[in-house]
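Coordinate inspection notes
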Amino acid sequence: MKNFSYVRATSVKEAVQQASTDNNAMFIAGGTNLVDRMKVFLDEPSQLIDITRLEMTRIEPTGEGLRLGALVSNTAVADHPEVRRSYPMLTRAILLGASQQIRNVATVGGNLLQRTRCPYYYDTAFACNKRELDTGCAALTGINRIHALLGASDQCVAVHPSDMCVPLAALDAIVEVESSKGKRQIPFTDFHRLPGDAPQRDTTLEPGELITAVILPPAPFAKSSVYLKLRDRDSYAFALVSVAAAVELADNRIKTARLAMGGMAHKPWRFTEAESFLVGKAANTETFQQAAELALQGAKPLEYNGFKVELAKRAIRRALTVSAKGGGIV
Amino acid sequence: MHPPENGKNHRARRNFLGQALTAAGAAIAAPSLLSQATSAQSEKPASIPGQGEISVTLSINDKQETLAIEPRVTLLDTLRERLGLTGSKKGCDHGQCGACTVLVDGQRVYSCLALAVMQEGKQIVTVEGLAKGDVLHPVQAAFIENDGFQCGYCTPGQICASVALVDEVKRGCASAVTEDFDNLPQLTNLSEAEIKERLSGNLCRCSAYNGIVAAVQQVTGQAPPSPAAAMFMQEAGVSA
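Computed from a prediction, not measured in an experiment: that's the story for all the values here. (Residues numbered from 1 in each chain as written. Chains lettered and ligands numbered in written order. Predicted model: local features only at pLDDT ≥ 70, side-chain atom pairs only at ≥ 80, totals over all residues.)

So, about the sheet that holds strand β8 (residues 210-216) of chain A. Two orientations exist for strands paired in a sheet by backbone hydrogen bonds: parallel and antiparallel. All names here are of chain A. The strand order across the open sheet built from five strands is β4-β5-β8-β6-β7, with neighbouring strands paired in antiparallel fashion. Only two strands of the sheet have a single neighbouring strand rather than two, namely β4 (59-62) and β7 (182-187). Going from strand to strand, the sheet's axes swing by 25° on average, the running direction of each strand aside. Across the sheet, helix α1 (residues 12-20) lies against β6 (174-179) and β8, angled at about 130° from β8, the strand it touches most. (Pairing = 2+ DSSP bridges. Helix = DSSP H or I, 4+ residues; strand = E, 2+ residues; numbered from the N terminus. Axes fitted to C-alpha atoms, helices over the stretch in contact; angles between N-to-C directions. Contact = placed C-beta atoms within 7 Å.)

Residues and elements named next belong to chain A. Residue placement: E206 occurs in the loop between α11 (188-191) and β8. Assessed through the 10 C-beta atoms surrounding it within 10 Å, E206 is described here as exposed. Between the alpha carbons of E206 and S179 there is a distance of 8.6 Å; along the sequence they are 27 residues apart. (Buried ≥ 20, exposed ≤ 12 C-beta atoms within 10 Å, placed from the backbone.)

Let us look at the interface of chain B and chain A. Each side of the interface is counted separately: chain B has 31 residues, and chain A has 30 residues. Elements supplying a minimum of two residues to the side of chain B that touches chain A: β4 (107-110) and α6 (192-198) of chain B. No other element matches β4 of chain B, which puts four residues into the side of chain B that touches chain A. Partitioned by chemical class, the residues of the side of chain B that touches chain A number 13 nonpolar, nine polar and nine charged. (Nonpolar A, V, L, I, M, F, W, Y, C, P; charged D, E, K, R; others polar.)

Our focus in this paragraph is the nonpolar core. Judged by nonpolar contacts, the single largest core of 168 residues is most densely connected at I51, M89 and I316 of chain A. Residues contacting M89 of chain A, with those up to four places away along its chain left out, are P167, A170, A222, S225, V226, Y227, A244 and A246 of chain A. (Core = buried A, V, L, I, M, F, W, Y, C linked by C-beta atoms within 7 Å.)

Interfaces are frequently sized by the accessible area removed from exposure as the parts join. Partitioning chain A into domains gives domain 1 (1-55) and domain 2 (224-324). Relative to domain 2 of chain A, the C-alpha centre of domain 1 of chain A lies at a distance of 37 Å. (Domains from an automatic or database assignment.)

A few words on helix α4 (residues 138-145) of chain B. Residue pairs three or four apart in sequence face the same way in an α-helix, which turns once every 3.6 residues. Residue and element names in this part refer to chain B. Judged by how many residues are buried, α4 sits mostly within the fold: seven of eight residues are covered. Within the sequence span of α4, burial applies to P138, V139, Q140, A141, A142, F143 and E145. Immediately downstream of α4, the backbone of D147 shows phi near 50°, a positive value.

The next subject is the packing of helix α13 (residues 285-296) of chain A against helix α14 (residues 307-324) of chain A. Residue and element names in this part refer to chain A. Interaxial distance between α13 and α14 falls to 9 Å at its minimum, and their mutual angle equals 140°. Taken together, the axis directions place α13 and α14 in an arrangement best described as oblique. As for how α13 packs across α14, the hand of that crossing is right-handed. Residues T285, F288, Q289, A291, A292, E293, A295 and L296 of α13 form the contact with α14, whose own contacting residues are V309, A312, K313, I316, R317, L320 and T321. Taken together, the residues that form the contact of α13 with α14 break down as nine nonpolar, three polar and three charged. (Parallel < 35°, antiparallel > 145°, perpendicular 65-115°, else oblique. Left-handed = near helix turned anticlockwise from the far one by under 90°.)

A word on unusual backbone geometry. Phi angles above zero are rare outside glycine, and D134 of chain A is one such case at about 65°. Within the secondary structure layout, D134 of chain A lies in the loop between α8 (119-122) and α9 (138-141). Residue classification places D134 of chain A among the exposed positions, given that 8 C-beta atoms sit within 10 Å. Look at D147 of chain B: it is not a glycine, yet its phi comes out positive at around 50°.

As a further point, take the sheet that holds strand β12 (residues 269-270) of chain A. All names here are of chain A. The strand order β9-β10-β11-β12 describes an open sheet built from four strands, whose pairing is antiparallel. Every interior strand has two partners, whereas the edge strands, β9 (226-230) and β12, have only one. Here strand β11 (residues 253-262) pairs with β12 via two bridges, running antiparallel. Across the sheet, residue M261 finds its bridge partner in β12, namely W269. Packed onto the sheet, helix α5 (residues 88-96) meets β9 and β10 (241-250) and runs at close to 25° relative to β9.

For I329 of chain A, the position within the fold is in the segment after α14. You can call I329 of chain A partly exposed: it has 15 C-beta atoms within 10 Å.

Here we take up the packing of α4 of chain B against helix α7 (residues 209-219) of chain B. Residues and elements named next belong to chain B. The N-to-C vectors of α4 and α7 enclose an angle of 135°; their axes lie 8 Å apart at closest approach. Viewed along their axes, α4 and α7 adopt a mutual orientation that is oblique. The two elements α4 and α7 cross, and the hand of that crossing is right-handed. Residue-level contacts link P138, V139, A142, F143 and E145 of α4 to A215, Q218 and V219 of α7. Of the residues in the contact of α4 with α7, the class split is six nonpolar, one polar and one charged.

Attention now goes to the pairing of strand β5 (residues 65-69) of chain A. Residues and elements named next belong to chain A. Relative to β5, β4 is paired through four bridges, and the arrangement is antiparallel. Residue pairing for β5: E60 is matched across the bridge by R67. Hairpin connection, β4 to β5: the antiparallel pair is bridged by two residues, and G63 has positive phi, about 60°. Two strands pair when backbone bridges link them, and β5 and β8 are joined in this way by four bridges, in the antiparallel orientation. Note that in β8 the partner of L66 across the bridge is L216.

See the structure below:
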């Protein structure tokens, strides 16, 4: 990896100030993705600002919700009693992501900023608009079985790799960010972006902005929420498709439904139309199948990923069914 | 390969190789700096940083080590190439195989994805730090007793991961296959599926997985330890 200068920040203010003076600086926390990318020269920051000593390490109640400090480890979020109780789909998604070694150091903020695992992005022998704009997309005509079904462009068909972000999209989490210009909050579904003609940009973060926390709003409907992940091997692999689902029943009818998927698009994909369809319906296989059809009706399969359409529908049906029956392992 | 006669020789050889490589790199990049760089490296004590290096003090196996290293150097390379602690292995160097697993503040991490400069103030334990003198750690003893390896390359990582696994179960950490978060597995009823899932971040290309699972089952008290393993555990003052 290319060498860089190293600065250990002692406060958020100092960190964002430091970042504002150098366009090629990057923040580092867990580093599980960034260090890996630096090793293959995908990222060549001039300086790394170590933020791991900052005071963003707590999980705090906020009214009926929770505020996850950006530096809380994935392990600590998954094992937090209130997260397990109120947002079980979040705990399950984190536990299904990566390995214990990664989860111990990977952080809340860093998880949001993972970059795609598209093999053509990692292999510099191939064209990739995300790596270098206007060079082409080798995945479009390559082996694209893991690639996007929804929201892709002719510039990029990569998918966002995070598990944790899928329930965060379903839960309407809020991302708190800060820069030398001030603080702002970004609704989770606006945080990641579609590739369009700027696939090099994964998120709507502005240069120099630092994620300081993710806020989980109260979610009484999520007590029986589930996360289903389907992949090529049974553990420690990225999702082909994954589903975060929550079904809340009242009088045998669906009162609230939440549905989001990973492995489908350049961002965690929220199916608000299918959610609206589900409300008021009876919780049965036919209803869930219809919701799945509705969710996938805009899917645009590539040469090798057509199997994911049916896989996604079945995953949706199964996840909704298990959540409606009280949740647990899918 | 024969072990070196003593650690010092071993370390000296590694340092020589490191300097030779550095000098070769410098010769390509900036010939005018070559003589300056090599003479500076041979004369200065390790703790005074050279160009691009910073002074870092690490606590490794209860010993303080002060080194001058570039910020880009990983913890794994620091252990292996600078400190002669070659127990931690470099398999993939990308956080996929687990051979480099060490404990940082009691938690297992991949040392290949950790920058050494970021580890100041943390307690690092490598496989070399697990035994107490000649007394093996119970997990090490159980790996021997249960044939938890074949070629041995992944073993230091598997052992460090297993040491952490036992602690995680005691602390009530769930795994992806834990069915009920209100009813977490205990050491004595930790299923084979739980052990495999919790060790999925460590690959064994010899596929000694059955022996590894058996070793963990023995350490967690699910299988009666052999007399030798029982003795190791008693001497180490550890009960599962």
